[in-house]
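Listed below are the residues making up each chain.
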Amino acid sequence: MKIYPFKIPKKPQENIVVQEDHDLSFFDKLHQHEEIQISHILEGRGKLVVGNKVHRFEPGDTFAIGSNIPHLFKSRVSNTKSRMLSLFFLPNAFGENFFDLPEMKQVAPFFDKINFGISLKSANSAIYEKFKMIKSLNKYELFLRLLDILKSFSATDSLPLSNYPYQKSLSNDHGKRLQLIFDHVMKNFQDEIKLKTIADLIHMSPNALCRFFKQRSNKSFFTFVTEVRIEHACQLLLEKKEMSKAEIALLSGFNTISNFNKHFKSVKGISPSKYQERMSLN
């Protein structure tokens, strides 16, 4: 199966696909598909890349990812399995103008925001109840449940997952090159990342690589690397409170504490200590 475009397996006459991922890690290759994806995290923690942004995911989080937005879930290495329930559907699955009907007015905000992807970043018990037992529903019940979930997304405050809308699917060649870049960064962000190494990996010059990445993500390559490192540091700040900031900096790919503090504040707007303090109060 080709990574680009990724094909969601579906049966004939199946307009809504329910999928449960339950393994040590989710499918961690950068991919895109035409279907809108709504996913609820039941177990596992890690990083989520959507478009040009990096986020954390943890149990209770719910994400909606629009058509053809490149994304990947990178589970944290552990002995604990990751578990996620997802719904996939095409915007026109129920008719070309179905969601434009007056009766669908309450779900319209969902489609206004979906091009950037959206996140409900809290353990939302109401959303969990909507995903609960979803695999056992018949087609009619599943259709009603999907509308109910879309209504919840429309009525609940959400956060954008990206700031760069993707309207077209990537070519196989461009998709594979981005996949190689993302794979290398995700596996090596704790170490020094050399532009020449990645450029050689995708058979480009360093300058061409920088242009290629900026054109497809609206940000520089090293800005992306920094964001991956900062999100890893955020996980450590929340889960390893006994660690010193210097240890966390080193484990996140920063060679000095001053460099770590500078980049952390640039990305998050506050210092690592303030972030740790603020998140501990939530």
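Not measured: the values here are computed from a predicted model.

Undergrad: Lay out the packing of aromatic side chains in plain terms, naming residues and giving numbers.
TA: Overall, the coordinates contain 19 aromatic pairs when judged by the stated rule. With a centroid separation of 4.5 Å and 40° between ring planes, the pair formed by Phe-99 and Phe-111 is classed as tilted. Here Phe-111 lies in helix α1 (residues 108–113) and Phe-99 lies in the loop between β7 (82–89) and α1, a separation of 12 residues in the sequence. Phe-111 gets classed as partly exposed once you look at its relative accessible area, which sits at 21%. Feature note: the residues Phe-89, Phe-94, Phe-98, Phe-99, Phe-110, Phe-111, Phe-143 and Phe-153 constitute an aromatic cluster, connected by ring pairs.

Undergrad: Kindly report on the sheet that holds strand β8 (residues 118–120), identifying the contributing residues and their values.
TA: An order of β1-β7-β2-β5-β8-β9 is seen for the six strands of this open sheet, with the pairing classed as antiparallel. Pairing within the sheet leaves two strands with one partner each, and these edge strands are β1 (16–23) and β9 (159–160). Across three bridges, the pairing between strand β5 (residues 62–65) and β8 is antiparallel. Residue pairing for β8: Phe-63 is matched across the bridge by Ser-119. Along the sheet, helix α3 (residues 139–155) contacts β1, β2 (36–43), β5, β7 and β8; its crossing angle with β7, the most-contacted strand, is approximately 100°.

Undergrad: Which residues make up the sheet that holds strand β6 (residues 71–75), and what are the values?
TA: Strand order in this open sheet of three strands is β4-β3-β6, and the pairing throughout is antiparallel. Looking at the sheet topology across the chains shown, the edges are occupied by β4 (53–57) and β6. Averaged over all neighbouring strand pairs, the angle between strand axes comes to 20°, with direction disregarded. Here strand β3 (residues 46–50) pairs with β4 via five bridges, running antiparallel. Residue pairing for β4: Lys-47 is matched across the bridge by Arg-56. The sheet contacts of helix α7 (residues 221–239) involve β3 and β4, and relative to β4 the element is tilted by about 20°.

Undergrad: Can you break down unusual backbone geometry residue by residue, with the values?
TA: A positive phi angle, near 65°, is found at Asn-68, a position not held by glycine. Mapped onto the elements of the fold, Asn-68 is located in the loop between β5 and β6. Look at His-203: it is not a glycine, yet its phi comes out positive at around 60°. Structurally, the position occupied by His-203 is in the loop between α5 (195–201) and α6 (206–217).

The rules behind the values
Residues numbered from 1 in each chain as written. Predicted model: local features only at pLDDT ≥ 70, side-chain atom pairs only at ≥ 80, totals over all residues. Heavy atoms only, no water. Phe/Tyr/Trp six-rings, centres within 6.5 Å; stacked < 30°, edge-to-face > 60°. Helix = DSSP H or I, 4+ residues; strand = E, 2+ residues; numbered from the N terminus. Buried < 20%, exposed > 50% of the residue type's maximum accessible area, 1.4 Å probe, protein only. Pairing = 2+ DSSP bridges. Contact = heavy atoms within 4.5 Å. Axes fitted to C-alpha atoms, helices over the stretch in contact; angles between N-to-C directions.

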